[in-house]
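# Structural characterization, general
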Amino acid sequence: MNDVINHKTGSFIWYHSTPKERLDNIRKEGLKINSEPSWQGEPEPWIYVSTIPWNAENNVVLEVDLSFLNTYECGWPFVDKDTPLEDLWQLRVFKDIPLKYIEVRR
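Quick look at the structure, then. A quick note: this is a predicted structure, and the numbers were derived from the prediction, not measured.

Conventions we followed
- Residues numbered from 1 in each chain as written.
- Predicted model: local features only at pLDDT ≥ 70, side-chain atom pairs only at ≥ 80, totals over all residues.
- Heavy atoms only, no water.
- Salt bridge = Lys/Arg side-chain N within 4 Å of Asp/Glu carboxyl O.
- Helix = DSSP H or I, 4+ residues; strand = E, 2+ residues; numbered from the N terminus.
- Buried < 20%, exposed > 50% of the residue type's maximum accessible area, 1.4 Å probe, protein only.

### A short note on the pattern of salt bridges
Taken as a whole and judged by the stated rule, the model has four salt bridges. Of the charged contacts in the structure, one is a salt bridge between K32 and D96, with a shortest N-O distance of 3.6 Å. Residue K32 is found in the loop between helix 1 (23-29) and strand 2 (47-50), and its partner D96 is found in the loop between strand 5 (90-93) and strand 6 (102-104); the two are separated by 64 residues along the sequence. For K32, a relative accessible area of 34% corresponds to the partly exposed category. Note on D96: relative accessible area 31%, which makes it partly exposed. Where D82 meets K81, a salt bridge forms, and the shortest distance between an N and an O atom there is 3.8 Å. D82 gets classed as exposed once you look at its relative accessible area, which sits at 59%. Residue classification places K81 among the exposed residues on the basis of a relative accessible area of 78%.

Set out below in structure tokens:
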């Protein structure tokens, strides 16, 4: 049983923000690890998702269903074992996210 539950919503839905100009490519290929980053300087072997929608000017928010993942396929960055769950907001996903698990948030 998958337990990659978003503790803020109680569901498998997480959020990913991306520049609008990347949306066409995501609609073709889904979200890919090691892709050209928007916020970091180098590609990384994961995809960041967040517990709540985050939007900036010229970005689009995607709803990402992580029900297909196992817990070992993702992890919390920038935390230690004593970090309270309510303080966790960003998750790294270590595998590609297929298009069928992604929707543009309206």
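So much for the structure itself; the text now carries on.
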